[in-house]
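Architecture at a glance
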Amino acid sequence: MIYAPLSKPTILTSNNTEVETKDFSLTCNATGQIHAYKWFINGVAPAGRRIQLSPDRRTLTLRSLTRRDNKGPYVCEIENPFYRNRSDPFTLDVACE
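All of these numbers come straight from a predicted model, not from anything done at the bench.

Rules of the game
Residues numbered from 1 in each chain as written. Predicted model: local features only at pLDDT ≥ 70, side-chain atom pairs only at ≥ 80, totals over all residues. Heavy atoms only, no water. Disulfide = S-S within 2.5 Å. Helix = DSSP H or I, 4+ residues; strand = E, 2+ residues; numbered from the N terminus. Buried < 20%, exposed > 50% of the residue type's maximum accessible area, 1.4 Å probe, protein only. Polar contact = N/O pair within 3.5 Å; in protein donor to acceptor, adjacent residues only side chain to side chain. Contact = heavy atoms within 4.5 Å.

1. Let's talk about the state of the cysteines
According to the stated counting rule, one finds one disulfide in the structure shown. There is a disulfide in this structure between Cys-28 and Cys-76, and the S-S distance comes to 2.0 Å. Its S-S torsion of approximately 55° makes the covalent link between Cys-28 and Cys-76 right-handed. Of this pair, Cys-28 sits in strand β2 (residues 24–29) while Cys-76 sits in strand β6 (residues 74–79); the two residues are 48 residues apart in sequence, bridging distant segments of the chain. On the basis of relative accessibility, which here comes to 0%, the residue Cys-76 falls in the buried class.

2. Details of the side chain of Thr-59
Structurally, Thr-59 can be placed in strand β5 (residues 59–62). A distance of 3.1 Å separates the side chain of Thr-59 from the side chain of Thr-27, its partner in a polar contact. Setting aside chain neighbours within four positions, we find Thr-59 in contact with Ser-25, Leu-26, Thr-27, Trp-39, Gln-52, Leu-53 and Ser-54.

Spelled out as structure tokens, the structure:
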């Protein structure tokens, strides 16, 4: 199998505004022969009860946003056996409802 370089992923959001107490999703959008999606929040893999990844790990959902979620930046990374590429950092600006 021949692998071509992967596109630069972009992060798409589920909502136009980030409002406290609401759920918020980020989706890693990319093209190519992608074998894995990885997420990083402020440089580390996401963990915690409020963070949910879709089965294919393409979408990261933050449950009940808080102002602490502003910390970011959020970055998605895609890879296959030969190539890896990262999105530009995405930052949240969580507003009080």
